[in-house]
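A closer look at the structure
Here is how the chains run, residue by residue.
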Amino acid sequence: MDNLSNSVRYIKGVGPKKSGHLKRLGIKTIKDLFYYFPREYEDRSNYTTLREAAVGEKASLEVEILAGPQIIKPRRNLSILKIPFRDENGHGYLVWFNQDYHKDKLIIGESYRVNGKINRMGMEYQVMNPAYERVGGEDRLGRIIPIYGLTQGLSNNELSKIISSSIKAYIDLVDEVLPNELRRKYRLIGIKEALKNIHFPSSKEALHQARRRLIFEELLILQLGLLLMKTKTQLEEEGIEFPACSDLEGFIGGLPFSLTGAQKRVLSEIEEDMGKAKQMNRLVQGDVGSGKTIIAAASIFRAVRGGYQAAMMAPTEILARQHYESFLSLFGRYNIRCELLVGSLSQKNKESILDDLREGKIDIVVGTHALIQDRVEFYNLGFVVTDEQHRFGVKQRELFSMKGKRPDILVMTATPIPRTLALILYGDLDISTIDELPPGRKEIETYAVNPSMVDRVNAFIDKQISEGRQAYIVSPLIEESESLDLKSVEELYDNYKNKDFKNHRVGLLHGKMKASEKDEIMEAFKNHELDILISTTVIEVGVDVPNANIMVIYDAERFGLAQLHQLRGRVGRGDYQSYCILINNSRSKIAMERMRIMQSSTDGFVISEKDLELRGPGEFFGTRQHGLPDLKIANLFRDLNILKVAQAEAQLIIDNNPRLDGQDYEGLAKRLDELFREVEIIN
């Protein structure tokens, strides 16, 4: 396997320039090439005749060249090469634009296989810019052709040749990962055959079998990794068994609202975990505004009352500050000391907090990822909450575990996903779902409009601001783009501040700003020192501004549904009717369908399922969390059936051979160790 980790420079035809192009695609080693799978395929294996071929579609034909080439030059810089041919039921022309070098390569009277787009001009049939080869040799043309994701300076043909060379030279170095008994059980082909046929399928059936094998392997390894993490947590020394808390009922009873049924159910699941002498690793997923924070607060209350310290980690300083202020008001009357540890504090304040934390004088600390730094030490850490799962991954949870005697860990996310998939994806976490919103919340009215409506949208914003409300305006880009016709936040800010809304207070927020600048702007908006906030998606995970009731999203077609739903959740947090306006530039079927879904549903679980259906998982599922491998071929939505089988098989393996002992499991253990190296799942 060692040679597979060699640089792609070892492959014939790959010099410094090409290896630079490949690096941009994430391909550095020979092994990376093997696992850089085609994004789609073009099936040229079915030959047809000219009259039966669909106009506007690509087709493969066998033709005979009838006469010499014609070159037409209708205008300067344009040359059209036409070569007449016939097949068994028609006549036509092979046509190339500005490619006169083909004129001497096809011989009159000879037969050729050709593949190109069929065009019709009046009664004349044409095959446009065809690929061709002479009949009589090996049929290289009439195959299923891989189509790869590319980068500038690298063509599909060049990448195909590089991958083909690497397979010929190095495929024998690839070790089998799956145990023989598993391959027999599910009738899976070997890894070498799978890799050959995923890149250069000999038939549709061979491609199907290659995909099936590679998807199963990828999902089995993901599931094994997650289950081994969970098993490792359970097998290691005991966690904390928190004492019962008689004050908890009074704490909940003293809240200015009643918990929903879903909140009560989730809290009892957490309480059950806290009463056991093993570490809790639980994910609480709930839609925007479903009341996750109060569940975290109640759990923290029990931990502190039991004599332990608690920590809450948020993805941004301003969100950490919001949680801190919320905890001060919730715990103020209980003599519980809560402190905020963030970057903007003075060095003197930081040192004082770090000392008090170490000595046990602080009960609860709220902060950003700075909390997992080495210099942060706890006296008796027992409970950890991390807010927004997609910002903190496996590795961060592991680091937090080491700061106490295996503290209970609660992970909160407002990116809901269908429960079946959540159970499978977050295999190392137990899952609780708050699937009910507090009563009395007004539904956010959502409208999808095209850019011609912008003036009317602005008039509506103006009216709402004059009534004392505030508005978010979101754009996907920071600066103007030459290649994309999209509104940038800077351009919007300039228009709003100096033209459309020059009588209102307009602020700008984007990811390239310093953390202190971002916090300052957000604080000003929260305190109603700004009427309009122009922003990129940095506000997706943000602060509650109950007075903001309008969310306008430019170029809405550029966002995933789950992200649009998250952005919409920034409004609707106060007593006022709230509105989300999606300015959609695209007339594509998928874009229109996404806008329709956003207008018809405010249920995050429904929306996330539709999002997966329409665009696949991508980074939606957070498999790019720190510590988890990327999925290169599997689609968690499309391949759900294989995923369920892989999960069941992974569980069987863990039950019967948790250390993956034995020669048959050597390859699997090695691959797991390689992919989950950061979290050391196999002892």
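Residues numbered from 1 in each chain as written. Predicted model: local features only at pLDDT ≥ 70, side-chain atom pairs only at ≥ 80, totals over all residues. Heavy atoms only, no water.

1. Comments concerning the overall build of the protein chain
We count it as follows: Only runs of H or I of at least four residues qualify as helices and only runs of E of at least two qualify as strands under DSSP, and these elements are numbered from the N terminus. Here's how the labels work: a residue is buried when its accessible area is under 20% of the maximum for its type, exposed when over 50%, partly exposed in between, all with a 1.4 Å probe on protein chains only. In what follows, a contact means two residues having at least one pair of non-hydrogen atoms within 4.5 Å. Working definition of accessibility: Shrake-Rupley area with a 1.4 Å probe, residue cover restricted to the visible protein chains. His is not counted, nor are the chain ends, whereas Lys and Arg count as positive and Asp and Glu as negative. In this description, the location of a charge corresponds to atom NZ of lysine, CZ of arginine, CG of aspartate or CD of glutamate.
When helices and strands are tallied, the protein chain shows 21 helices and 21 strands. Structurally, the protein chain occupies a C-alpha span of about 95 × 70 × 45 Å along its principal axes. Each of the 683 residues in the protein chain was classed as buried or not, and the buried ones make up 52%. Across the protein chain, every contact between residues at least 6 apart in sequence was considered, and the portion connecting residues at least 24 apart equals 72%. Taken as a whole, the protein chain presents about 31,900 Å² of accessible surface, with 46% of it coming from carbon and sulfur. Distance between charge centres in the protein chain, computed from 94 positive and 97 negative side chains, equals 4 Å.

2. Notes on the packing of helix H17 (residues 561-568) against helix H18 (residues 589-600)
This is how it is decided: For helices, the fitted axis covers only the stretch in contact; all axes are lines through C-alpha atoms, and the angles between them, taken along N-to-C directions, range from 0 to 180 degrees. Helix crossings get a hand from a simple test, with the near helix turned counterclockwise from the far one by less than a right angle marking a left-handed crossing and a clockwise turn marking a right-handed one. As a working rule, the residues Ala, Val, Leu, Ile, Met, Phe, Trp, Tyr, Cys and Pro are called nonpolar, Asp, Glu, Lys and Arg charged, and the rest polar, with Gly in that last group.
It is at 11 Å that the axes of H17 and H18 come closest, and there the two elements cross at 35°. In this structure, H17 crosses over H18, and the sense of that crossing is right-handed. Here H17 contributes Leu561, Leu564, His565 and Arg568 to the contact with H18, which in turn contributes Arg594, Met595, Ile597 and Met598. Counted by class, the contact of H17 with H18 contains five nonpolar, one polar and two charged residues.

3. Examining the nonpolar core
Applicable threshold: Residues grouped as a nonpolar core are buried Ala, Val, Leu, Ile, Met, Phe, Trp, Tyr and Cys residues, joined through side-chain atoms within 4.5 Å.
Judged by nonpolar contacts, the single largest core of 60 residues is most densely connected at Leu22, Leu33, Phe34, Leu159, Leu195, Leu220 and Leu668. Elements represented by at least two residues in this core include exactly helix H2 (30-34), helix H3 (156-170), helix H4 (180-186), helix H5 (191-199), helix H6 (204-235), helix H20 (640-656) and helix H21 (666-675). Once residues lying within four places of it in the same chain are set aside, the contact partners of leucine 159 are Leu22, Leu25, Leu33, Tyr36, Tyr148, Gly149, Leu150 and Leu154. Ala298, Ala310, Leu319 and Leu330 belong to the second largest nonpolar core, which has 44 residues in total.

4. What to know about the confidence of the model for the protein chain
Condition: Every residue carries a pLDDT, the predictor's confidence in it, which falls somewhere between 0 and 100.
In the predicted model, the protein chain carries a mean pLDDT of 87, and the fraction of residues at 70 or more is 91%. The least confident element of the protein chain, judged by mean pLDDT, is helix H13 (residues 419-425) at 66; the most confident is H5 at 97. Note on residues 617-627: pLDDT is under 50 here. Beyond four places in sequence and across chains, it has 39 contacts.

5. With respect to the sheet that holds strand E10 (residues 309-313)
Operational definition: One requirement defines pairing of two strands: DSSP has to find at least two bridges between them.
One open sheet accounts for seven strands, arranged E11-E12-E10-E13-E14-E9-E15; its pairing is parallel. In this open sheet, the two strands that pair with only one neighbour each are strand E11 (338-341) and strand E15 (430-434). For this sheet the average axis-to-axis angle between neighbouring strands, irrespective of direction, equals 20°. In this sheet, strand E14 (residues 408-413) lies alongside strand E9 (residues 281-286) in parallel orientation, the contact comprising five bridges. Following the sheet pairing, arginine 282 is matched in E14 by leucine 410. Sheet strands in contact with helix H8 (residues 261-274) are E9, strand E13 (381-387), E14 and E15, and its direction is about 155° off that of E15.

6. Here we look at the state of the cysteines
By definition, a disulfide links the sulfur atoms of two cysteines through a covalent bond. Defined as follows: Any cysteine sulfur atom paired with another within 2.5 Å is treated as part of a disulfide.
Counted under the stated rule, the structure contains zero disulfides. As a non-bridged cysteine, cysteine 245 has cysteine 338 as the owner of its nearest cysteine sulfur, 17 Å distant.

7. Topic: the environment of valine 506
Positionally, valine 506 belongs in strand E18 (residues 506-509). Classification of valine 506 by relative accessible area gives buried; the value is 7%. Remark: the alpha-carbon pair of valine 506 and phenylalanine 525, spanning 19 residues in sequence, is separated by 9.2 Å. Those residues within four positions of valine 506 in sequence are excluded, and the remaining contacts are Tyr493, Tyr496, Lys497, Phe501, Leu530, Ile532 and Ile534.

8. Considering the environment of arginine 638
The condition is simple: By the criterion applied in these results, polar contacts are pairs of N or O atoms within 3.5 Å in which, for protein atoms, one can donate a hydrogen and the other can accept it, and in which residues neighboring in sequence qualify only through two side-chain atoms.
Structurally, the position occupied by arginine 638 is in the loop between helix H19 (604-615) and H20. With a relative accessible area of 49%, arginine 638 lands in the partly exposed category. For the pair arginine 638 and leucine 612, spaced 26 residues apart in the sequence, the C-alpha separation amounts to 8.8 Å. With residues near it in sequence (within four places) discarded, arginine 638 still touches Arg211, Ile215 and Ile633. Engagement of the side chain of arginine 638 in a polar contact is seen with the side chain of aspartate 639, the distance being 3.1 Å.

9. Some thoughts on the sheet that holds strand E17 (residues 470-474)
Judged by pairing direction, the sheet is parallel, and its six strands sit side by side in the order E16-E21-E20-E17-E19-E18 without closing on themselves. The sheet is open, and its two borders are formed by strand E16 (445-449) and E18, each paired with just one other strand. Here the strands of the sheet are splayed against their neighbours by 15° on average, with no regard to which way each runs. Sheet topology places E16 next to strand E21 (residues 579-583); five bridges connect them, and they run parallel. Paired with threonine 446 across the strands is cysteine 580, a residue of E21. Sitting on the sheet, H17 is in contact with E16, E17, strand E20 (548-553) and E21, with an inclination near 150° to E20.

10. Examining the environment of cysteine 580
Here cysteine 580 shows up in strand E21. Taking the C-alpha atoms as reference points, cysteine 580 and glutamate 445, 135 residues apart in sequence, are found 6.2 Å from one another. Discounting chain neighbours no more than four positions away, the residues touching cysteine 580 are Ile444, Glu445, Thr446, Tyr447, Met551, Ile553 and Arg568.

11. Observations regarding the side chain of lysine 292
Along the chain, lysine 292 turns up in helix H9 (residues 292-305). Ignoring anything within four residues of it in the chain, the contact list for lysine 292 reads Val284, Gln285, Gly286, Asp287, Met412, Thr413, Ala414 and Ile434.

12. As for unusual backbone geometry
One non-glycine residue, asparagine 77, adopts positive backbone phi at about 70°. Positionally, asparagine 77 belongs in the loop between strand E3 (70-75) and strand E4 (78-87). Relative accessible area serves as the criterion here: at 70%, asparagine 77 is assigned to the exposed category.

13. What to know about the pairing of E9
Working note: regular strand, side chains alternate between the two faces of the sheet. Most of E9 sits out of view: six of its six residues are buried. Neither face of E9 is exposed, since Asn281, Leu283 and Gln285 on one face and Arg282, Val284 and Gly286 on the opposite face are all buried. Pairing of E9 with E15, which is carried by five bridges, proceeds in the parallel orientation. Its bridge partner being in E15, arginine 282 is matched across the sheet by aspartate 430.

14. A look at H8
Applied cut-off: Expected span, for any helix, means 1.5 Å times one less than how many residues it has. Read the arc as the range of directions from the helix axis to the C-beta atoms.
With 14 residues, H8 should cover 20 Å at 1.5 Å per step; its first-to-last C-alpha distance of 20 Å lies within 8% of that length. Taken as a whole, H8 has its buried residues at Ala262, Gln263, Val266, Leu267, Ile270, Asp273 and Met274. Along H8, the residues classed as buried sweep out an arc of 130° about the axis, all on the same side. Away from its buried face by more than 90 degrees, H8 exposes Lys264 and Glu272. Structurally, H8 contributes buried residues whose contacts are with helix H7 (248-253), E9, H9, E13, E14 and E15.

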